[in-house]
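What follows is the residue order along each chain.
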Amino acid sequence: MSSVTDNDDAAPAGNASPGTGQPPVIRVLTLFPEMVRAVLATSIPGRAERQGQVRYEVTDIRDFAVDKHRTVDDTAYGGGAGMIMMAPPVVEAVEKVREREDATVILTTPQGEKFSEELTLDLLADLQAKGELILVCGRYKGIDERARELVVTREVSIGDYVLSGGELPALVVVDAIVRRLPGVLHDEDSAANDSFTADREGGLDCAWYTKPPVYRGLGVPEVLMSGHHANIETWRRQQAVERTQERRPDLAPAIENAGSREGPAEGGGRVPRHDRNRRTR
Ligand code: 6GU
């Protein structure tokens, strides 16, 4: 196991584990450690570790195989296609890396509870309270049920489709949590009004524009060029509400009244859809 970034010169920055002065640790157990390390060393998750706001420990489950061939999976008792992750390497690995008996141990599996903003904040609070969070990357066919019984405390899925392994889901979960640690995001990463946040009433974000002012004949909504901050804010809120109602009516109840607090802004109106490939429903 090892940290994924060189953080020798990093000072702990306000995200210390309770009582230790050390940043909280996220431990990822996987059969593909290089894949996991590469992603966690990149972009905001990598910067967070280099800044001393979190630490990652990636463990190769194969190191805990119990035979000389380093076997970690086998066929299912009772028959059927597909390999099952054996219980011993998973259980031994978790017990070896776990620092707290009560650490949350998440297994990524299509049979888990669906990942969400709410679960992100729940796991963030857990990481901050315990200073430790453990993710076990499952395999498609799954892991021996006894490993779940013995060491897994929570199972998470990132949606109703099947992936080849639990590594990408684990990385999704880690990214979502780490970007919410205090101080990890800078102003330029501005996230207060991201989709699903309180600022967006749990709905989607609005459309955004930057230079150039005209691209291939397409302009920018006039209100955004007006310098009138109140009107811009109203337009953006209205836009976010319309977008949510159109694309995610399942989220719309959350923002039912959000758009009607103020009247429509001057120069407002819908953003035209420029995606020629989008099919109409
Ligand atoms: Cl957590 N694992 C796998 N293998 N596939 C998934 C998933 C997890 N979530 C959605 N699809």
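Here the structure is shown first, and the text comes after it.
These remarks concern the structure in this document. Computed from a prediction, not measured in an experiment: that's the story for all the values here.

Digging into the overall build of the protein
A count of helices and strands for the protein gives 7 helices and 7 strands. Secondary structure elements of the protein, listed N to C terminal, follow the sequence β-α-α-β-β-β-α-β-α-β-α-β-α-α. Buried residues in the protein amount to 33% of all 281 residues. A separation threshold of at least 6 residues defines the contact pool for the protein, and within that pool the share at least 24 residues apart is 77%.

Considerations on the site of the ligand
The environment of the ligand is made up of 16 residues, and the closest members are Thr108, Ser157, Ile158, Leu163 and Pro169. Looking at the shell around the ligand, the elements with two or more residues in it are β5 (104-114) and β7 (154-157). The leading source of residues in the shell around the ligand is β5, at 4 residues. The class makeup of the residues in the shell around the ligand is 8 nonpolar, 8 polar and no charged.

What about helix α3 (residues 87-97)?
Of the positions making up α3, those classed as buried are Pro89, Val90, Val91, Ala93, Val94 and Val97. Where α3 is buried, its residues meet β1 (25-30), β2 (55-60), β4 (83-85), β5, β6 (132-137) and α5 (145-151).

Section: the sheet that holds β2
Across the sheet, 5 strands lie side by side as β2-β1-β6-β5-β7; this open sheet has parallel pairing. Since the sheet does not close on itself, it has two edges, and those belong to β2 and β7, each with one partner. Taken pair by pair, the neighbouring strands of this sheet meet at an average axis angle of 30 degrees, ignoring direction. Here β1 pairs with β6 via 5 bridges, running parallel. Within the sheet, the bridge partner assigned to Ile26 lies in β6 and is Leu133.

Section: the packing of helix α1 (residues 33-40) against helix α6 (residues 167-178)
As a packed pair, α1 and α6 sit with axes 10 Å apart at the nearest point and diverge in direction by 25 degrees. Overall, the two elements α1 and α6 adopt an arrangement that is roughly parallel. Here α1 runs over α6; the crossing is right-handed. The residues of α6 that touch α1, namely those facing Met35, Val36, Val39 and Leu40, are Glu167, Leu171 and Val174. Residue composition of the contact of α1 with α6, grouped by class: 6 nonpolar, no polar and 1 charged.

Quick look at helix α4 (residues 117-130)
Helix length check: α4, at 14 residues, gives a terminal C-alpha distance of 20 Å against a target of 20 Å (1.5 Å per residue), a fit within 8%. One or two steps after α4, the chain reaches Gly131, where phi turns positive at roughly 75 degrees.

A closer look at the nonpolar core
Membership of the largest hydrophobic core comes to 46 residues, with the highest contact counts inside it found for Leu29, Val94, Ile134, Leu135 and Val136. Residues in contact with Ile134, not counting those within four places in the same chain, are Arg27, Leu29, Val94, Val97, Arg98, Ala103, Thr104, Val105 and Ile106.

Reading guide: rules and limits
- Residues numbered from 1 in each chain as written.
- Predicted model: local features only at pLDDT ≥ 70, side-chain atom pairs only at ≥ 80, totals over all residues.
- Helix = DSSP H or I, 4+ residues; strand = E, 2+ residues; numbered from the N terminus.
- Buried ≥ 20, exposed ≤ 12 C-beta atoms within 10 Å, placed from the backbone.
- Contact = placed C-beta atoms within 7 Å.
- Near = placed C-beta within 6 Å.
- Nonpolar A, V, L, I, M, F, W, Y, C, P; charged D, E, K, R; others polar.
- Pairing = 2+ DSSP bridges.
- Axes fitted to C-alpha atoms, helices over the stretch in contact; angles between N-to-C directions.
- Parallel < 35°, antiparallel > 145°, perpendicular 65-115°, else oblique.
- Left-handed = near helix turned anticlockwise from the far one by under 90°.
- Expected span 1.5 Å × (residues − 1).
- Core = buried A, V, L, I, M, F, W, Y, C linked by C-beta atoms within 7 Å.

Geometric values such as these leave the question of function open.
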